[in-house]
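Topology and contacts: notes
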Amino acid sequence: MLSLLFGSFLISIAAIFGPCLFATVRWYRKLHNSQLCLPPSPPGQLFFGHTRVIPSQNPEIYYQKLSKEYKSDVLYFQQYRTPVIVLNSGRAADELLSKRGANYSSRPRFVLFEVMRWGLTLTFMPWGPLFKAHRALLQKNFTKSNVLQYQERQEQEARRAILSITKNPSGWESHIRRPVFASNIVLQIAFGMELTRDEDSSVQVATGLANRVLAEGGSPGSTVIDNFPFLSKLPNWIVRSEALRHARKWGWIIRHLHDTPFSASKRHFENGTLQHNSFAYPLLKRHAENQSRGISSDLTMADINGAAATIFIAGFDTTNTTILVGILALLLYPTVFGKAREALDRAIGKDCLPAFSDRENPGLRYINYIVEETSRWRPLSPLGVPHKSLEDDVYNGMFIPKGSTVYFNVWAMSRDESTYEDPELFNPDRYVPIEEGGVGEPILQGPFGFGRRICVGKHLAQASVWIALATLIATMDISNSFGPDGNEIKPDVKFSSGLSR
Ligand code: HEM
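A brief structural summary. (Residues numbered from 1 in each chain as written. Predicted model: local features only at pLDDT ≥ 70, side-chain atom pairs only at ≥ 80, totals over all residues. Heavy atoms only, no water.)

Side note on the nonpolar core
Selection criterion: Put simply, a nonpolar core is a bunch of buried Ala, Val, Leu, Ile, Met, Phe, Trp, Tyr and Cys residues held in one set by side-chain atoms that sit within 4.5 Å of each other. Working definition: with a 1.4 Å probe on protein chains only, accessible area under 20% of the residue-type maximum means buried, over 50% means exposed, and in between means partly exposed. Labels follow the DSSP assignment, with helices taken as runs of H or I lasting at least four residues and strands as runs of E lasting at least two, numbered in each case from the N terminus. Between two residues, a contact is recorded if the distance between any of their heavy atoms is within 4.5 Å.
Of all hydrophobic cores here, the largest spans 55 residues; its most connected members are F113, F142, F191, F279 and F312. Within the residue set of this core, elements represented by two or more residues are α4 (111-115), α5 (129-141), α8 (181-191), α12 (242-271), α13 (280-292) and α14 (301-332). Looking at this core, the element that brings in the most residues is α12, giving 9 residues. Ignoring any residue separated from it by four or fewer positions in sequence, one finds F279 in contact with L137, L138, N141, I189, A190, A307, A308 and I311. With 35 residues, the next largest nonpolar core counts I176, L344, I367 and L469 among its residues.

Right under this line is the structure:
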């Protein structure tokens, strides 16, 4: 009886794992029998590939070092069964992600983010009709010319933030984040209204926490849960994954940020008080009109909710963090601050506040350079959001397998010594053209991504960072705080690791 039971146990094991083993061997042989070489990679481990070799904290620095060591801007890794390609130069990223964009514009499945309950969020959608519909919706709203309509609001928000700081300088950071600046701009653009006091405070709490969720979630698509989706259905005591526990614990924040402002938006729409130039308004109007005519809508409520929430979630923390990094640079480099203040005083006078009408003033190009240098010096998303390849490809004689997860290493691009002299230095002057006596280093391509997945909100974000920093420099001094002993407190600067730093 016992041997019968043991026999059927073995048969069940073989039935479950046999096909997996067979598929793995076939896949491995296909990959390695190819006439072409894969890009260079360090030694891996059986079954795990490079999963346990890649550091979980700041993998971009590891990739950058390896790229130098192997003298190759393209690297190959294997995360369990998934081929991973890391592009460490702007040239490789531009060639593959932009010029060959048709093959490299999908996304891997982000199972951990599904556990966090991200809704219909463009950022994480794979290539396909849904992606195209959402991308078209968002892209048309944030073109260079279309975002001009938001400038007045951005100026007002920057001034309100500065006014709040003058009243409470020690709370400066929360004044940049809240009550007004980064989150309010995207909140109003997306959802078209101000929240009630209660909604507002709960959303503010959630935005603060969302920062943590994104920062601590690790590189997207890289966890064991992303590689073995069935694990996401098992309880914590079986899986024992810190990432899964994290996603389960904090998922409510993501849902809250999706749903609370959208419910308020719908309420305002029904009351006729929703701002007409918001993103949500024309979509809700179309939806309501179709419903009253009994026509089924091309866009569901879930689509409208997801697209509007994408603007808010993709827009507030990214912009806010970039402004904070700019302020940090101005604190650490007082000569840059002094030069920027002087430029503003000369160009617009000491009694005026900067406005977008000054942005093209040649005398204020230094402020534009500060904005660009902020994104180069400490790129917000050092490995970007990974793309996925749809077909096998060859680049510079190297084989790139179909289904590869493709990271672009903006950190390595920003530290490329053949392009940037002394890359660690925050030096806005590096962009002054040669004909004007400068060294004419190029603006870094990459902080906003590449090709068909390039950041939809780039123009809006750069305008927000410009007006925030220009208004701040024109009106404030920035210095370290002083302790009770009267000594200056030098900041101990640390960056988090993850999707956004
Ligand atoms: C300084 C601020 C920002 C930075 C550094 C930034 C950076 C990025 C990066 C690196 C990507 C991935 C690009 C790729 O995969 O190639 C991205 C995607 C995206 N960003 Fe931004 N972003 C910023 C602000 C914003 C704002 C304000 C919005 C909203 C209007 C926004 C909306 C999006 C969307 C919707 C995507 C997904 C695009 C897609 O997958 O097709 N971003 N962003």
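Comments concerning the packing of aromatic side chains
Basically, it comes down to this: Each pair of aromatic rings taken from Phe, Tyr and Trp, with Trp reduced to its six-membered ring, is defined by centres within 6.5 Å and is described as stacked if the planes are under 30 degrees apart, edge-to-face if over 60, and tilted in the remaining cases. By definition here, charges over rings are those cases where NZ of Lys or CZ of Arg is within 6 Å of the ring centre and within 35 degrees of the ring normal.
A complete count under the given rule lists 22 aromatic pairs for this structure. With 6.0 Å between their ring centres and 45 degrees between their planes, Y369 and Y431 make a pair best called tilted. Placement of Y369 in helix α16 (residues 365-377) and of Y431 in the loop between α17 (410-414) and α18 (458-475) is noted, with a sequence separation of 62 residues between them. No difference in accessibility class separates Y369 from Y431, as the two residues are buried. The aromatic ring of F48 is capped on one face by R52, whose charged end is 4.0 Å from the ring centroid. Above the face of the W411 ring, R415 is positioned so that its terminal group lies 4.1 Å from the ring centre.

What about the pairing of strand β2 (residues 82-87)?
Applicable threshold: We treat two strands as partners when DSSP finds at least two bridges between them.
Within β2, 5 of the 6 residues are buried, leaving the element largely enclosed by the surrounding structure. Note that strand β1 (residues 74-79) and β2 share 6 bridges and pair antiparallel. For V74, the partnering residue across the bridge sits in β2 and is L87. Here β1 folds back onto β2, and the loop between the two strands holds 2 residues, one of which, Y80, carries a positive phi near 50 degrees. As judged from the 4 bridges shared by β2 and strand β6 (residues 405-408), these two strands associate in the parallel manner. Looking across to β6, one finds that V84 is bridged to T405.

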